[in-house]
Amino acid sequence: MGENRVIRVMISSKANINLEKLPHHIAIIMDGNGRWAKKRGKFRVFGHENGVKAVRNTVEASAELGIEALTLYAFSTENWKRPQKEVDRLMGLLVSSLNNELKTFIKNDIKLCAIGNLEQLPEKTLKTLKKVIEATKDHKKMTLSLALNYGSRDEIINVVKNIANKVKNNIINTEDIDQVIINKHLYTQNLPDVDLLIRTSGEQRISNFLLWQIAYAEIVFTEVLWPDFKKEDLYNAIIDYQNRERRFGKTSEQLK
Ligand code: IPE
Ligand code: IPE
Ligand code: MG
């Protein structure tokens, strides 16, 4: 009888990651919380609550590997259209998670940043956010950016307005406007371009996320719903990324 027992040995894909070829910047569209809850006959907010541990695992796994920058899409400029109760719960969850995760950020030397129109966030959310940003500002290992009330078109509109003002005030010449100048005016000004974009839940769209910054990102879509996303899923996405040839317009032969 004993011989028939199947012994399952979990072999992590982590060992298959080439640490010399890590993506500098990973961005994730954390999607599928609502469907995860619905599948269990629960309210959508139950999915958001269960998404928190997936955030922790992803942040930890990224820091452990040595990823420089991780950007997580947590709330879009469009998400205000959701039922007020859900919006309130999401904002509340953010406050409790930030408070709880501060120790993870300290333990892993993680600097927290936020991108988006932050001034429109509820006062309590903004206050907690600013507190954690201040407490982690000297951390060096990884920059974790939370996209909150973030919309890429909104961001680009701001960039255009700021640059237009500088042109008007003779701080910038129109002829000098280039990619470097535009990068410097984005919320992501201190971050490298996104190398790897992951979206969970099987949806294959960008939903107004980092349109400029993903110009040459490799995109991995996975069916996994966000609350089920594990360190292994991140490792597998990185391995997928590492198996691709990034040509940046050149031919395959030119890269050899
Ligand atoms: C992502 O999960 C979380 C946020 C957008 C805040 P959803 O809430 O969009 O989950 P689905 O897409 O409805 O399953
Ligand atoms: C995108 O997810 C926003 C976040 C993950 C925060 P949504 O679930 O809101 O995207 P759409 O509306 O289905 O495209
Ligand atoms: Mg969704």
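To be clear, the structure that these remarks concern was listed above.
Residues numbered from 1 in each chain as written. Chains lettered and ligands numbered in written order. Predicted model: local features only at pLDDT ≥ 70, side-chain atom pairs only at ≥ 80, totals over all residues. Heavy atoms only, no water.

Q: Describe in detail the site of ligand 1, supporting the description with residues and values.
A: Surveying the vicinity of ligand 1 reveals the residues Met30, Asp31, Gly32, Asn33, Gly34, Arg35, Arg44, His48, Ala74, Asn79, Arg82 and Leu90. Measuring from an oxygen atom of ligand 1, one finds a backbone N or O atom of Gly34 at 2.9 Å. Within the side chain of Arg82, a nitrogen or oxygen atom sits 2.7 Å from an oxygen atom of ligand 1. Notes on ligand 1: free accessible area 380 Å², of which the protein chains cover 87%. Looking at the shell around ligand 1, the elements that each hand over two or more residues are helix H1 (33-39) and helix H2 (44-65). A total of three residues in the shell around ligand 1 trace back to one element, the largest contributor, which is H1. (Near = heavy atom within 4 Å. Polar contact = N/O pair within 3.5 Å; in protein donor to acceptor, adjacent residues only side chain to side chain. Areas by Shrake-Rupley, 256 points an atom, 1.4 Å probe, with all protein chains shown as cover. Helix = DSSP H or I, 4+ residues; strand = E, 2+ residues; numbered from the N terminus.)

Q: Requested: an account of the sheet that holds strand S2 (residues 69-76), with residues and values cited.
A: Read across the sheet, six strands follow the order S3-S4-S2-S1-S5-S6 without closing on themselves; strand pairing throughout is parallel. The open sheet is flanked by strand S3 (110-115) and strand S6 (218-221), the only strands paired with a single partner. Taken pair by pair, the neighbouring strands of this sheet meet at an average axis angle of 20°, ignoring direction. Two elements, strand S1 (residues 25-29) and strand S5 (residues 196-199), share four bridges in a ladder whose sense is parallel. Along S5, the bridge assignment pairs Ile26 with Leu196. (Pairing = 2+ DSSP bridges. Axes fitted to C-alpha atoms, helices over the stretch in contact; angles between N-to-C directions.)

Q: Pulling in residues and values, what's your account of the side chain of Asn50?
A: For Asn50, the position within the fold is in helix H2. Those residues within four positions of Asn50 in sequence are excluded, and the remaining contacts are Trp36 and Pro227. (Contact = heavy atoms within 4.5 Å.)

Q: Can you break down the pattern of salt bridges residue by residue, with the values?
A: By the definition in use, this model includes 17 salt bridges. The partner of Glu203 in a salt bridge is Arg205, with the nearest N and O atoms 3.3 Å apart. Its relative accessible area of 22% is what places Glu203 among the partly exposed residues. For Arg205, a relative accessible area of 45% corresponds to the partly exposed category. Of the charged contacts, one joins Arg247 and Glu245 as a salt bridge, the two residues approaching to 2.7 Å between their closest N and O atoms. Note on Arg247: relative accessible area 40%, which makes it partly exposed. What makes Glu245 partly exposed here is its relative accessible area of 31%. (Salt bridge = Lys/Arg side-chain N within 4 Å of Asp/Glu carboxyl O. Buried < 20%, exposed > 50% of the residue type's maximum accessible area, 1.4 Å probe, protein only.)

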